[in-house]
Amino acid sequence: MNLTISGHHLEVTPALRAYVVTKLDRITRHFDQVVDVKVLLTVEKQKEKDRRQRAECTLRVKGSDLFVESSDADLYAAVDELMDKLDRMVVRHKDRMQDHQAGVRRATLQAAGASAAA
């Protein structure tokens, strides 16, 4: 997994980098087919002071790219919200990728085998 953490209008400190990496461990625990992760942390120069800190993440997985963004007054809170959104999106993507018909096929084959044996 390639991980890129960059900052726009701020310096990414080692503590902030470690915080993002520990939060990303939760994502890789759910889904291990992550190819590339790009995290962009931004401080916006806007009049809204309560939503200045922004975090964006582009996650490249087998089959598609997932993009999530979040903004908050605190950058750590924005990262937390970002990872919550990303976690839900990854779990949803994983559910879509799994073969949901496998259980139905298995039950049909077992029923056909049981009727043939009787």
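What this report covers is the structure whose coordinates are included nearby. (Residues numbered from 1 in each chain as written. Predicted model: local features only at pLDDT ≥ 70, side-chain atom pairs only at ≥ 80, totals over all residues. Heavy atoms only, no water.)

1. Describing unusual backbone geometry
At step 1: Even without a glycine there, the phi angle at His9 is positive, about 70°.
At step 2: With respect to the helices and strands, His9 occurs in the loop between strand 1 (2-8) and helix 1 (14-30). (Helix = DSSP H or I, 4+ residues; strand = E, 2+ residues; numbered from the N terminus.)

2. So, the sheet that holds strand 3 (residues 53-61)
At step 1: Strand order across the open sheet formed by four strands is 1-2-3-4, with mixed pairing between neighbours. The strands lining the two open edges of the sheet, one partner per strand, are strand 1 and strand 4 (64-72). Taking each pair of neighbouring strands and ignoring which way they run, the sheet shows an average axis angle of 10°.
At step 2: Relative to strand 2 (residues 34-43), strand 1 runs parallel, the two being bridged by seven bridges. Residue pairing in the sheet places Asn2 in a bridge with Asp36 of strand 2.
At step 3: Contacts between helix 2 (residues 75-97) and the sheet are confined to strand 2, strand 3 and strand 4, with strand 4 contributing the most and set at about 150° to the helix. (Pairing = 2+ DSSP bridges. Axes fitted to C-alpha atoms, helices over the stretch in contact; angles between N-to-C directions. Contact = heavy atoms within 4.5 Å.)

3. Description of the pattern of salt bridges
At step 1: A full pass over the atoms with the stated rule returns eight salt bridges.
At step 2: For the salt bridge of Glu69 with Arg54, the shortest nitrogen-to-oxygen distance reads 2.8 Å. On the criterion of sequence distance, the pair formed by Glu69 in strand 4 and Arg54 in strand 3 is long-range, its members being 15 residues apart.
At step 3: Here the residues in one salt-bridge network are Glu44, Arg54, Glu56 and Glu69, joined through shared partners. (Salt bridge = Lys/Arg side-chain N within 4 Å of Asp/Glu carboxyl O.)

4. Focus: the pairing of strand 3
At step 1: Here nine bridges tie strand 2 to strand 3, and the two strands are oriented antiparallel to one another. Residue Val37 lies in a different strand from strand 3, and its bridge partner there is Leu59.
At step 2: Both strand 3 and strand 4 contribute to a ladder of nine bridges, which runs antiparallel. In the strand pairing of strand 4, Arg60 is matched with Asp65.
At step 3: Connecting the antiparallel pair strand 3 and strand 4 is a turn made up of two residues, with Gly63 showing a positive phi of about 110°.

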